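Fold and contact review
Chain by chain, the residues run as shown.
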Amino acid sequence: MASEHNATDYIIHHLTPLRVGEGFWSFHLDTLFFSAVLGGLFIWFFKSVAERATSGVPGLAQSLAETLVEFVDTQVKDTFHGRSDLISPLALTIFCWVFLWNAMDMLPVDLLPDIGHVAGIDYLRVVPSTDLNSTFALSISVFFLIFFYSIKVKGFFGFVKEMTCTPFGPWLMPFNLMLKLVEEFAKPISLGLRLFGNLYAGELVFILIALLPPVVQPLLGFPWAVFHILVITLQAFIFMMLTIVYLSLAHEDH
Amino acid sequence: MSINATLIGQMITFTLLVWLTMKYIWPPIIAAMEERRVKIADGLAAAERGQEEIKLAEKKAVGILREAREQATEIIGGAQKRANDLVEEAKLQAKSEGERLLAQAQAQAEQEFLQARDNLRKEVAALALLAAEQILKEEIDKAKHQTILNRAADQLG
C-alpha cells in the first residue's frame, strides 16, 4: 500500500478531511458523519438498555451500561457536591462519545479510506478526535456551561466580582481580570488541544507504522495498538474528569 | 488544521446527545439501579430478620420438645401403672372366678356322687332282696322269718 505512494503524500492524504464548502462555512463531512454515527451508537445502546432496565437481575448489556453509569456517577459524586441533573449525563455522554471517537483509532488506518476510495470518496479521516473542530466543540460547550453555572450560582455581580477582585483584591482589578481571563480561556483550549494532540499523534504513529515494510508492521503496530487501548480510555476519562472538575469549580463560591 | 463550521455542527450533535442522555437514558438507568439497591437492602434486612426468627423458633422448639418429652414420660408412667393395675385386677378376677367355678364343679360332683350312691344302694337292695327271695322262696316261711326279712331290708335300704 505504502509503496504505491510517496510517503509524504500518503501521510497528508490520511490526515486530510473530506471537506465541502469554502472558508469558515465549510464542513468536514467525515468528522460530522462518524461523530453522528458513533453518537447514535451510544444513544442506541443506552436507550435500548434504559427501555428494558430492570431492577431485577440485569442482562449483559444492562450490566455494561450500569457499570459505566455507576463509574461516571461515582466520579461526579466524588468531585461535585452540589445537585445537578445535567452534570452526570453530560459526563457520561462525554466519556462514551470521546471513547468511541478515540476507538476509531484502533481500526486499521487504511481500512475505511480504502472502502471510501472504492465508493468514490477520495479523502476520509475516520477518527473524529483528530479533528480540532470536534475536540473544541466539546471543550467550548463545556466552557459555555462553566460561564452559565458561574453566573447562575454566584449571580451576575458575584461573577463579575470574582473575575475582577480575585486573587489580588480590588486595587489590582485590571491585572486580576487579565489573570482570570487567561485562566478561564486556558480551560477549553487545554481540554481541546490535549485530546486532539494525543489522538492526532497516535494516528500519525499508526500511519507511520503503515509505511514500514509489512513484516515489521505487526512488530510495532501491535504494541502501539495495545498502548493505545490505554490512551483512548485515559483521554476520554481525562476529558470527562476535567469537565466535572471545572463545573464543580464553577459551582463553588470563593 | 482549520477551525470551521464543523465546530458548530459538532456542538449541535453534542448538545443533542447530552439532551437525549439527560432525558431518556440517565434517569431510568439510575432509577433501576436505585430500585435494585433498595431491593437488595430490603432483602438483606429480611434475611437478617429471618435468621433472628429461626433462632427464636429453635429456642421455642427446644422448649416444646422438652415439654413433650416430659409429658410422654408422664403418660408412659401412667399407662404402665394402669396396665399393672389392670393385670392385677384381671389376675384377681380370674382367680376368684376360677375358685368359684371349681367350688361349683365340686359341689355338683358331690351331689351327683351322692345321688348315684343312693340310686345304686336302692338298686342293690332291690336286687339283693330279689335274689334272696328267689333263693329262699321255698324255705322261708314268711310269717316265721318276717322279723329277719324286715331287718335285712332295713339294713340294705
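Our subject is the structure that appears above.
In this report, we go over the structure that sits alongside the text. Note on numbering: residues in each chain are counted from 1, in written sequence order. Key to labels: chains lettered from A, ligands numbered from 1, both in the order written. Local features in a predicted model are, by the rule used here, given only for residues with pLDDT of at least 70; side-chain atom pairs are given and counted only at 80 or more, and totals for whole chains, interfaces and linings are based on all residues. Think of the side-chain values as coming from all heavy atoms in the structure, minus any hydrogens and water.

**Comments concerning the overall build of chain B**
Runs of E in the DSSP output that reach at least two residues are strands. Runs of H or I that reach at least four are helices, and both are numbered from the N terminus. Looking only at helices and strands, one finds two helices and zero strands in chain B. The atom set for the radius of gyration is the C-alpha atoms, and the globule formula is 2.2 Å times the number of residues raised to the power 0.38. Expected size for 157 residues packed as a compact globule is a radius of gyration near 15 Å; at 61 Å, chain B overshoots this value by more than 25%. Think of it in three bands: residues with accessible area under 20% of the maximum for their type are buried, residues over 50% are exposed, and the middle band is partly exposed, with areas taken using a 1.4 Å probe on protein chains only. A buried classification covers 13% of the 157 residues belonging to chain B. All accessible-area figures derive from a Shrake-Rupley calculation using a 1.4 Å probe, and residue coverage is judged against the displayed protein chains alone. In the form shown here, chain B has an accessible surface area of approximately 12,800 Å², with 60% of it arising from carbon and sulfur atoms. Neither His nor the chain ends contribute to the count of charged residues, in which Lys and Arg are positive and Asp and Glu negative. In plain terms, the charge of a residue is placed at NZ if it is Lys, CZ if Arg, CG if Asp and CD if Glu. Of the side chains in chain B, 22 bear a positive and 24 a negative charge, and the two mean positions are spaced by 7 Å.

**A word on helix α6 (residues 132-165) of chain A**
All names here are of chain A. Each residue after the first adds 1.5 Å to the expected span of a helix. The end-to-end C-alpha distance of α6, which contains 34 residues, comes to just 34 Å, noticeably less than the 50 Å that a straight helix rising 1.5 Å per residue would cover. Working definition for bend: take the seven residues up to and ending at a residue and the seven starting at it, fit an axis to each, and measure the angle between the axes. Considering bend angle alone, the principal kink of α6 is centred on G155 and spans about 110°. Between a side-chain oxygen at the N-terminus of α6 and the backbone nitrogen of N133 the separation is 2.9 Å; the capping residue is D131. Here a polar contact is taken to be a pair of N or O atoms separated by no more than 3.5 Å, where protein atoms must pair a possible hydrogen donor with a possible acceptor and residues adjacent in sequence count only if both atoms sit in side chains.

**Re the side chain of S150 of chain A**
Considering the arrangement of structural elements, one finds S150 of chain A in helix α6. Residue contacts are counted whenever heavy atoms from the two residues lie within 4.5 Å of one another. In this structure S150 of chain A touches G155, F159 and A250 of chain A, once residues within four positions along its chain are discounted.

**Notes on the nonpolar core**
Joining through side-chain atoms within 4.5 Å is the link that ties buried Ala, Val, Leu, Ile, Met, Phe, Trp, Tyr and Cys residues into a set, and such a set is a nonpolar core. If you look at the biggest cluster of nonpolar residues, it comprises 53 residues, and the most contacted ones within it are F46, L90, L92, I94 and M240 of chain A together with I29 of chain B. For this core, the secondary-structure elements that each account for two or more residues are α2 (29-51), α3 (60-79), α4 (87-103), α6, α7 (173-210) and α8 (217-251) of chain A together with α1 (6-136) of chain B. Per-element accounting of this core gives the leading share, 11 residues, to α4 of chain A. Dropping the residues within four chain positions of it, I94 of chain A is found in contact with F99, V142, F239, M240 and T243 of chain A together with F14 of chain B. Judged by nonpolar contacts, the second largest core, of eight residues, contains Y10, I11, I207 and A225 of chain A.

**Some details on the interface of chain B and chain A**
Between chain B and chain A, the residue contacts involve 29 residues of the former and 54 residues of the latter. Both sides together, the interface formed by chain B and chain A hides about 3,500 Å², and carbon and sulfur atoms give 76% of it. Any carboxyl oxygen of Asp or Glu that lies within 4 Å of a side-chain nitrogen of Lys or Arg is treated as forming a salt bridge with it. The salt bridge involving R36 of chain B is made with E66 of chain A; its shortest N-O contact spans 2.8 Å. For the pair chain B and chain A, the interface holds 15 residue pairs in polar contact (both at pLDDT 80 or more). Class assignment for the residues of the side of chain B that touches chain A results in 19 nonpolar, seven polar and three charged. A quick way to say it: buried area is the sum, across both parts, of accessible area lost when two parts are put together, with a 1.4 Å probe. Residues are grouped as follows: nonpolar covers Ala, Val, Leu, Ile, Met, Phe, Trp, Tyr, Cys and Pro; charged covers Asp, Glu, Lys and Arg; every other residue, Gly included, is treated as polar.

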